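Descriptive structure summary
Listed here are the chains, written in short residue letters.
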Amino acid sequence: MSHDHGHANIDPNSGDRRVAIAIWANGLLTVAQIVGGILSGSLALIADALHNFSDMASLVIAFAARKIARRPADERMTFGYGRVEIVAALINYTTLIVIGFYLIYEGGMRMIDPPEVMGWTVVILGGIALVVDTLTAMLTYSMQKGSVNIRALFLHNLSDALASVAVIVGGTLIILYDMRWVDPAITIGIALYILYLSFTEIGGPIRTLMLGSPPDIDGNDVVRAIQSVDGVVDVHHVHLWQMQENAAALDCHIVVERDRMGEADKIKENVKSALHERFSIEHSTLEFEASDNAHQEAQVFGHGGFTNEVQILYQNRILHGV
């Protein structure tokens, strides 16, 4: 079963321009909504503004992350800087979760005693917000397919657009029927949607930062693929993780018969070819062991599973060559 780890090829400079435009658009919108929310007394408008402010902060982080991620590996960061985008996505989602709970609290307080709200101000600013949110979502749509960082931003903008529609509807109901309770109710609805999106997506960045295996690659399938290569007797100490969002990596110990150790280079080439063709794993580190000198009682995944006696023997072999 093949696994496609490819992603959309967006020119870096073009992508940066899109993010920069989105930053300015969301910044101006946030200021307008906060001022409008204060003047009109609309919590829903302020909620939408806070969501937009979160987007603007997310965009700034994303812009910086994209720049940093292009730096090459060095002696301090031997894996490179690509994971900074994963960190940025985690910050973005965490911020949204905090905002979501705060808005639920504020909305609940206003449901008890709904204040007077200027409906027309809400509708006009909600309409402007819808245009800006839609524009920003369009700017980031083609970029989000290959980046969890940009995907976080795209989802923010998409949820903002939906929230703006709700704000417009709420403002219209206030104008027509003086239904002031609608404003905090919409606020709570926006907050619940924010929380749903955030909790749904935050698992990906956490998994990557915890060095979890890529979600679309079955570790057992990888082990079986290696074991199927001619000359391989066994596999253990398998580590499978994502170096960056779209780059899986693997290291493991491979056991071969003593009389075939001379073919190690050929076996290694075949294993690497199988990993690349079936799982798109480009980076792999393979350590070979002769079957009569292989680790005993070693578990397939990770480095646990030794008895104390076996661990001591293994350390002696490494330190003293015995």
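Description of helix α8 (residues 219-227)
Of the positions making up α8, those classed as buried are G219, V222, V223, A225 and I226. On an axial view of α8, the arc spanned by its buried residues comes to 160 degrees, and they lie on one face. The opening residue of α8, the one whose side-chain oxygen lies 2.8 Å from the backbone nitrogen of N220, is D218.

A closer look at the pattern of salt bridges
Pairing of side chains with opposite charge becomes possible as their charged atoms draw close. Enumeration according to the criterion identifies four salt bridges in this entry. With a closest N to O distance of 2.5 Å, R224 and D221 form a salt bridge. One end of the pair is R224 and the other is D221, both in helix α8 and three residues apart, which spans about a single turn. The exposure class assigned to D221 is partly exposed, which follows from its relative accessible area of 22%. Among the ionic pairs, E263 bridges to R260, the shortest N-O distance being 2.9 Å. Judged by its relative accessible area of 34%, E263 falls in the partly exposed class. Residue R260 is classed as partly exposed on the basis of its relative accessible area, which comes to 22%.

Observations concerning the sheet that holds strand β2 (residues 247-256)
As summarised here, the arrangement of the three strands in space is β1-β2-β3, forming an open sheet in which the pairing is mixed. Edge positions in the sheet fall to β1 (232-244) and β3 (283-290), since each of these pairs with one other strand and no more. Each adjacent strand pair in this sheet contributes to an overall mean axis angle of 10 degrees, direction not counted. Inspection of the sheet shows β1 paired to β2 by nine bridges, in the antiparallel sense. Note on β2: the bridge partner recorded for Q244 is A247.

Focus: the confidence of the model for the chain
Should the pLDDT be low somewhere, the predicted coordinates at that spot are not to be read in detail. Looking at the chain, the pLDDT average stands at 81 and 84% of residues meet or exceed 70. Scored below 50 in pLDDT, residues 1-12 shows 23 contacts in the model against residues more than four places distant or in partner chains. When the criterion is pLDDT under 50, residues 306-322 qualifies, and its contacts beyond four places in sequence or with other chains add up to 15 contacts.

Let's talk about the side chain of S40
For S40, the position within the fold is in helix α1 (residues 12-40). Look at S40 and you get buried, because its relative accessible area is 2%. A polar contact of 3.3 Å, which involves the side chain of S40, links it to the backbone nitrogen of S42. Each residue touching S40, except ones within four places of it in the same chain, is listed here: L45, E116, V117, M118, T121 and V122.

Rules used in this analysis
- Residues numbered from 1 in each chain as written.
- Predicted model: local features only at pLDDT ≥ 70, side-chain atom pairs only at ≥ 80, totals over all residues.
- Heavy atoms only, no water.
- Buried < 20%, exposed > 50% of the residue type's maximum accessible area, 1.4 Å probe, protein only.
- Helix = DSSP H or I, 4+ residues; strand = E, 2+ residues; numbered from the N terminus.
- Arc of directions from axis to C-beta.
- Polar contact = N/O pair within 3.5 Å; in protein donor to acceptor, adjacent residues only side chain to side chain.
- Salt bridge = Lys/Arg side-chain N within 4 Å of Asp/Glu carboxyl O.
- Pairing = 2+ DSSP bridges.
- Axes fitted to C-alpha atoms, helices over the stretch in contact; angles between N-to-C directions.
- pLDDT = per-residue confidence, 0-100.
- Contact = heavy atoms within 4.5 Å.

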